[in-house]
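# Geometric and topological summary
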Amino acid sequence: MPTPSPVHAGLAAAFADAFGHAPEGVWRAPGRVNLIGEHTDYNEGLVLPFALPLGVSAAASRRDDGLVEVRSLQADTAVTASVSGTPGDVEGWAAYPVGMARVLHEHGPDGHGRKVGGATLLFDSDLPQGAGLSSSAALECATAIALCDLHGVEIAPAELARLAQRAENEHVGVPSGIMDQSASMLSSAGSALLLDCRTGLTSDVPFAPQDAGLTLMVIDTRATHELTGGEYGQRRAECERAAEILGVPALRDIKDLPAALAQLDEPVLRRRVQHVVTENHRVEATVGLLRAGAVAEIGGLLLASHMSLRDQFEISWPEANVAVDEAVRAGARGGRMVGGGFGGSVIVLTHTERADRVRDAINAAYESRSWTPPVFLTDTAPSQGARRLS
Ligand code: GLA
C-alpha cells in the first residue's frame with residue numbers, strides 16, 4: 001500500500017491551525033493515468049486506467065449548520081457555501097468540492113435514512129494541476145468519501161464515482177465521462193482497472209511492468225490542459241452526432257467499421273469514429289496481452305493509440321508528439337498521450353535499462369526547441385483508490 005507523501009503529514013495540524021480544532025479524520029483520493037482507452041468512456045466503451053500514488057488529501061470535520069467551508073493549501077481563496085445551493089454561485093477550484101457536497105446532499109438519504117450535510121474541509125494535493133492526471137476527480141472523490149464518512153452515509157464506491165461525475169458535469173460545467181472518477185474511487189494497488197463504461201462492470205488487470213524489466217514513465221509535458229477549453233465538448237458532440245447519423249445508441253455499438261465509415265459524409269466524423277472504434281479494440285488487445293503476461297508487447301498498442309489520437313481524433317499537442325517520437329527513437333517499446341488532450345502528460349513504456357537514454361533524448365529534444373523542461377514523475381506504481389487515512 002502506498003504511504004502518504006510527506007506533503008500530507010502535516011495536514012491535520014494545518015487544519016487545527018486554520019479552524020481552531022482538530023479534524024475528525026483525513027481522507028485521500030488519487031489521480032490517475034490512463035493506460036489505454038482514450039475518449040471511449042462517453043462513447044460507452046472500454047477504458048483501462050490506474051490510480052497514481054499522487055493525489056488529493058482532505059482533513060475534515062462535520063458541521064450541522066448546512067454549510068460547506070473549503071480551503072486548500074494550494075489556493076488563497078476560502079469559500080463557504082450552502083450545501084443545498086444550485087450550480088453557478090461558486091467558481092474556480094472550490095466549485096468541485098462544493099458541487100460534490102451539493103450532489104451528495106441532493107442524492108438524499110441512504111438505506112439507513114442518513115443524508116450528507118455540511119463540513120469544513122482543508123485540502124492538500126501533490127498532483128500537478130493541468131497535467132492531465134485528474135486532479136479534479138481526486139478533489140471530488142476525496143470530498144465524497146470524507147462527507148459520507150462524516151455523516152455516516154453509505155454509498156457504494158461505483159455510485160460515488162457517478163455522483164462525482166455529475167458534480168463535475170453540473171456544477172463545474174465540464175461534460176467529462178466516468179473514467180477519471182472511477183479510476184480514483186475503484187482502483188486497486190498493482191492493477192489497472194478495466195471498466196466497461198456502459199455496464200459499469202469492472203475488473204482488475206494486474207499491471208506490474210517492473211516484474212518484466214520494464215518501466216512505465218509518466219511525463220508531464222508542461223503544456224497545461226483545461227477540459228473547460230471547449231474542444232473536449234466539441235469532440236464529444238461530434239461523436240454523438242456520428243452515433244445519431246449511424247442510428248446507434250453510442251459509437252460503442254458499431255460492429256462493422258468500414259460500413260459505418262461509408263455512411264458518413266463528413267471526413268471529420270469518419271476520423272472520430274475510426275478512432276473510437278479502433279481504440280476499444282486496442283483496450284481489449286491490451287488486456288489480453290497483460291493477462292497473458294506479455295506486458296512488453298503492449299508498446300505497439302500504446303503507439304497506435306497515440307497515432308490515432310493525433311491523426312484521427314486530432315487532440316494531441318506538439319510536446320506530446322515530440323516526447324513519444326523521441327522515446328521510440330531512443331528504444332522505448334511505445335508511448336502515448338493520456339487524458340482529454342491539448343496538453344497534459346504522456347506515458348512511455350521502456351525497458352528499464354533504456355529509461356535513462358529515453359529521458360535524455362526527450363530532455364534534449366525539448367531543450368533544442370526552447371520548451372519548458374518536462375517533468376518525469378518518479379513514483380508511478382499503480383495504487384489503491386480513495387480511502388480514509390486516519
Ligand atoms: C478526460 C475526461 C474523461 C475522459 C478522458 C479522455 O480525462 O475527464 O472522462 O473522457 O478525458 O479519455
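Rules and cut-offs
- Residues numbered from 1 in each chain as written.
- Predicted model: local features only at pLDDT ≥ 70, side-chain atom pairs only at ≥ 80, totals over all residues.
- Heavy atoms only, no water.
- Near = heavy atom within 4 Å.
- Polar contact = N/O pair within 3.5 Å; in protein donor to acceptor, adjacent residues only side chain to side chain.
- 1 Å grid on protein atoms, 1.4 Å probe; cavity = no way out; pocket = protein on both sides within 12 Å on 5 of 7 lines; lining within 4 Å.
- Sits in = over half its atoms within 2 Å of the grid points.
- Nonpolar A, V, L, I, M, F, W, Y, C, P; charged D, E, K, R; others polar.
- Domains from an automatic or database assignment.
- Phe/Tyr/Trp six-rings, centres within 6.5 Å; stacked < 30°, edge-to-face > 60°.
- Helix = DSSP H or I, 4+ residues; strand = E, 2+ residues; numbered from the N terminus.
- Buried < 20%, exposed > 50% of the residue type's maximum accessible area, 1.4 Å probe, protein only.
- Lys NZ or Arg CZ within 6 Å of the ring centre and 35° of its normal.
- Points joined across faces, edges and corners; volume = space filled by probe spheres on them.
- Pairing = 2+ DSSP bridges.
- Axes fitted to C-alpha atoms, helices over the stretch in contact; angles between N-to-C directions.
- Contact = heavy atoms within 4.5 Å.
- Buried area = accessible area lost by both parts, 1.4 Å probe.
- Salt bridge = Lys/Arg side-chain N within 4 Å of Asp/Glu carboxyl O.
- Expected span 1.5 Å × (residues − 1).

### Some details on the site of the ligand
Neighbouring residues of the ligand: 13 residues in total, closest Glu-38, His-39, Asp-41, Asp-180 and Tyr-232. Between the ligand and the protein, one listed contact pairs an oxygen atom with a backbone N or O atom of Gly-340 at 3.4 Å. Most atoms of the ligand, that is more than half of them, are within 2 Å of grid points of the largest pocket. Looking at the shell around the ligand residue by residue, the classes come out as four nonpolar, five polar and four charged. If you count residues domain by domain, the shell around the ligand takes at least three from each of domain 1 (6-205) and domain 2 (208-377).

### A short note on the packing of aromatic side chains
What the rule picks out here adds up to five aromatic pairs. On the basis of an interplanar angle of 35 degrees and a centroid distance of 5.7 Å, the ring pair of Phe-50 and Phe-207 is categorised as tilted. Here Phe-50 is found in strand E2 (residues 46-62), whereas its partner Phe-207 is found in the loop between strand E7 (202-206) and strand E8 (214-220), with 157 residues between them in sequence. Geometrically, the ring pair formed by Tyr-366 and Trp-371 is edge-to-face, given 5.1 Å between the ring centres and 90 degrees between the ring planes. Look at Trp-371 and you get partly exposed, because its relative accessible area is 24%. Above the plane of the ring of Trp-371 lies Arg-369, whose end atom (NZ or CZ) is 5.5 Å from the centre.

### Brief notes about unusual backbone geometry
Leaving glycine out, the prevailing phi sign among residues is negative, and the prevailing peptide bond configuration is trans. Residue Ser-134 is not a glycine yet carries a positive backbone phi of 65 degrees. Along the chain, Ser-134 turns up in the loop between strand E5 (119-125) and helix H4 (135-150). Of note in this structure, Phe-342 is not a glycine but carries a positive phi near 65 degrees. Residue position: Phe-342 is located in the loop between strand E9 (334-337) and strand E10 (345-351). Note on Phe-342: relative accessible area 30%, which makes it partly exposed.

### So, empty space enclosed by the protein
Counted by the stated rule, this structure contains two cavities of 30 Å³ or more. Volume-wise, the second largest cavity comes out at about 40 Å³. What lines the second largest cavity is simply Thr-86, Pro-87, Gly-88, Val-90, Ala-95, Val-98, Gly-99, Arg-102 and His-171. With four residues, helix H3 (residues 95-107) is the largest single contributor of residues to the lining of the second largest cavity.

### Describing the sheet that holds E8
If you walk across this open sheet you meet the four strands as E9-E10-E8-E11, and the pairing is antiparallel. Lying at the two open borders of the sheet, with one neighbouring strand each, are E9 and strand E11 (375-377). Going from strand to strand, the sheet's axes swing by 25 degrees on average, the running direction of each strand aside. Looking at chain direction, E8 and E10 are connected through seven bridges and run antiparallel. Bridged to Asp-220 within E10 is Ser-345. Each of E9 and E10 is contacted by helix H11 (residues 318-329), which is oriented at about 175 degrees to E9, the strand it contacts most.

### Let's talk about the side chain of Arg-336
Within the secondary structure, Arg-336 is located in strand E9. By relative accessible area, Arg-336 is classed as buried at 0%. Within the structure, the side chain of Arg-336 is placed 2.9 Å from the backbone oxygen of Asn-34, a separation counted as a polar contact. Within the local environment of Arg-336, its side chain forms a polar contact with the side chain of Glu-38, the two groups lying 2.7 Å apart. Setting aside residues no more than four positions away along its own chain, Arg-336 makes contact with Asn-34, Leu-35, Ile-36, Gly-37, Glu-38, Leu-302, Ser-305, His-306, Leu-309, Val-324, Val-346 and Ile-347.

### Overview of the domain arrangement of the chain
Domain boundaries assigned for the chain yield domain 1 (6-205) and domain 2 (208-377). Summed over both partners, the interface of domain 1 with domain 2 comes to about 3100 Å²; 64% of that surface belongs to carbon and sulfur atoms. Looking only at domain 1, the three residues that lose the most surface to domain 2 are Ile-36, Glu-38 and His-39, adding up to 21% of its buried area. Summed over the shared surface of domain 1 and domain 2, the number is three salt bridges. Between Glu-38 and Arg-336 there is a salt bridge, and its shortest N-O distance comes to 2.7 Å. Across the contact surface, domain 1 and domain 2 share 18 residue pairs in polar contact (both at pLDDT 80 or more). Every element with two or more residues in the side of domain 1 that touches domain 2 is listed here: strand E1 (25-36), E2, strand E6 (191-196) and E7. Class assignment for the residues of the side of domain 1 that touches domain 2 results in 16 nonpolar, 12 polar and eight charged.

### Structural notes on helix H5 (residues 157-172)
In this model, H5 (16 residues) spans 21 Å end to end at C-alpha, consistent with the 22 Å of a helix rising 1.5 Å per residue. Each element contacted by the buried residues of H5 is listed here: H3, H4 and helix H6 (179-186). Backbone geometry just downstream of H5 places Gly-173 in the positive-phi region, at approximately 85 degrees.

### Topic: the environment of Gly-299
Turning to its location among the elements, Gly-299 is positioned in helix H10 (residues 299-311). If sequence neighbours within four positions are ignored, Gly-299 has contacts with Arg-333, Gly-334, Gly-335 and Leu-349.

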